[in-house]
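Per-entry structural report
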Amino acid sequence: MSAPAAIATTARLRLRVLHEDDAAFMLELLNQPDFLRFIGDRGVRDLEQARAYLREGPLAGYGRDGMGMYVVEPRHGGAAIGLCGLVVREGLPGPDIGFAFLPQFYGQGYAFEAASATLALARDAFALRKVLAIVSPDNARSIALLRRLGLRDAGSVRLPGKDEDILLFETAEDWRCATTSS
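Calculation rules
Residues numbered from 1 in each chain as written. Predicted model: local features only at pLDDT ≥ 70, side-chain atom pairs only at ≥ 80, totals over all residues. Heavy atoms only, no water. Buried < 20%, exposed > 50% of the residue type's maximum accessible area, 1.4 Å probe, protein only. Helix = DSSP H or I, 4+ residues; strand = E, 2+ residues; numbered from the N terminus. Arc of directions from axis to C-beta. Contact = heavy atoms within 4.5 Å. Salt bridge = Lys/Arg side-chain N within 4 Å of Asp/Glu carboxyl O. Pairing = 2+ DSSP bridges. Phe/Tyr/Trp six-rings, centres within 6.5 Å; stacked < 30°, edge-to-face > 60°. Lys NZ or Arg CZ within 6 Å of the ring centre and 35° of its normal. Polar contact = N/O pair within 3.5 Å; in protein donor to acceptor, adjacent residues only side chain to side chain. Core = buried A, V, L, I, M, F, W, Y, C linked by side-chain atoms within 4.5 Å.

1. What to know about helix α1 (residues 23–30)
Looking only at α1, the buried set comprises Ala23, Phe25, Met26, Leu29 and Leu30. Looking straight down α1, one finds its buried side chains confined to an arc of 155 degrees; they lie on one side. For α1, the secondary structure elements touched by its buried residues are α2 (33–38), α3 (47–65), β4 (82–87) and β5 (96–101).

2. Considering the pattern of salt bridges
Across all of its chains, the model carries 16 salt bridges by this definition. The salt bridge partner of glutamate 113 is arginine 12, with a shortest N-O separation of 2.7 Å. With a gap of 101 residues between them, glutamate 113 in helix α4 (residues 110–124) and arginine 12 in the loop between β1 (6–9) and β2 (13–17) connect regions that are remote in the sequence. Taking relative accessible area as the criterion, glutamate 113 reaches 15% and is therefore assigned buried. Salt-bridge contacts for arginine 16 lead to aspartate 22; the nearest nitrogen and oxygen are separated by 2.8 Å.

3. Re the pairing of β4
Consecutive side chains along a regular strand alternate between the two faces of the sheet. Within β4, six of the six residues are buried, which leaves the element mostly enclosed by the surrounding structure. Strand direction decides the pairing type here: strand β3 (residues 69–74) and β4, joined by four bridges, are antiparallel. The partner of methionine 69 across the bridge, within β4, is glycine 85. With six bridges joining them, β4 and β5 adopt antiparallel strand pairing. In the sheet register, glycine 82 faces β5, and the bridge partner there is phenylalanine 101.

4. Examining the packing of aromatic side chains
Counting across every chain of the model gives two aromatic pairs. With a centroid separation of 5.9 Å and an interplanar angle of 10 degrees, the aromatic rings of tyrosine 62 and tyrosine 70 are classed as stacked. Like tyrosine 70, tyrosine 62 is buried. On the basis of an interplanar angle of 65 degrees and a centroid distance of 6.2 Å, the ring pair of phenylalanine 105 and tyrosine 110 is categorised as edge-to-face. Across from the ring centre of phenylalanine 112, 3.7 Å away, lies the NZ or CZ of arginine 148, which sits over that ring.

5. Concerning the environment of tyrosine 70
Here tyrosine 70 shows up in strand β3. Taking the C-alpha atoms as reference, tyrosine 70 lies 8.5 Å from proline 58; in sequence the two are 12 residues apart.

6. As for the side chain of serine 136
Structurally, serine 136 is set in the loop between β6 (132–135) and α5 (140–148). Of note is the side chain of serine 136, whose polar atom sits 2.4 Å from the side chain of aspartate 138. In contact with serine 136, not counting residues within four places along its chain, are Phe38, Ile143 and Ile166.

7. Considering the nonpolar core
The biggest cluster of nonpolar side chains holds 47 residues, and the ones touching the most others in it are Leu18, Val72, Leu83, Ile97, Leu146 and Leu151. Looking at this core element by element, the count peaks at seven residues for α4. Membership of the second largest hydrophobic core comes to seven residues, among which are Leu92, Ile134, Leu159 and Leu168.

8. Some words on the side chain of glutamine 32
Relative to the helices and strands, glutamine 32 is located in the loop between α1 and α2. Note on glutamine 32: relative accessible area 15%, which makes it buried. At 3.3 Å, the side chain of glutamine 32 forms a polar contact with the backbone oxygen of glutamate 28. Setting aside its immediate chain neighbours within four residues, glutamine 32 contacts Leu102 and Pro103.

The following block contains the structure:
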């Protein structure tokens with residue numbers, strides 16, 4: 001199988017669409033302690049559940065919304081290190097940027113690099129007027145990253161079916177004029 005086409009590239013990374021062959025990576029990522037704590041338990045415990053999660057979630061989102069979460073991997077080859085992308089969610093007035101990385105890749109600037117490329121996609125390819133972000137109030141690393149990306153605090157929100165408020169961030173009104181280098 002040839003390598004899937006890149007959605008975006010940066011100096012060190014490439015972002016590409018997910019496919020069912022990413023089930024082992026998804027199984028690992030979805031069961032990381034930080035993912036479970038800050039994002040939530042998706043109930044994925046084996047490869048078949050991971051394939052079903054991909055089919056019903058991210059892969060369906062590409063067809064329904066034209067965007068979604070993308071695999072982040074080293075630009076010149078190597079295994080997936082994380083996810084970053086844009087998600088259309090019930091309860092939010094627009095797409096939100098999301099990211100999750102395997103712990104061994106924390107602190108190396110990969111999340112900022114991938115999220116910057118994703119914001120450039122939102123601006124240039126999808127022509128979005130605004131990008132949102134949601135984050136658990138105790139996820140200090142993600143909050144700091146969102147602020148570094150230029151998103152601003154926009155209060156809190158409670159998503160449908162959830163029992164707690166989460167923080168809401170949004171791009172500044174003039175964000176589309178900003179230059180993002182990738």
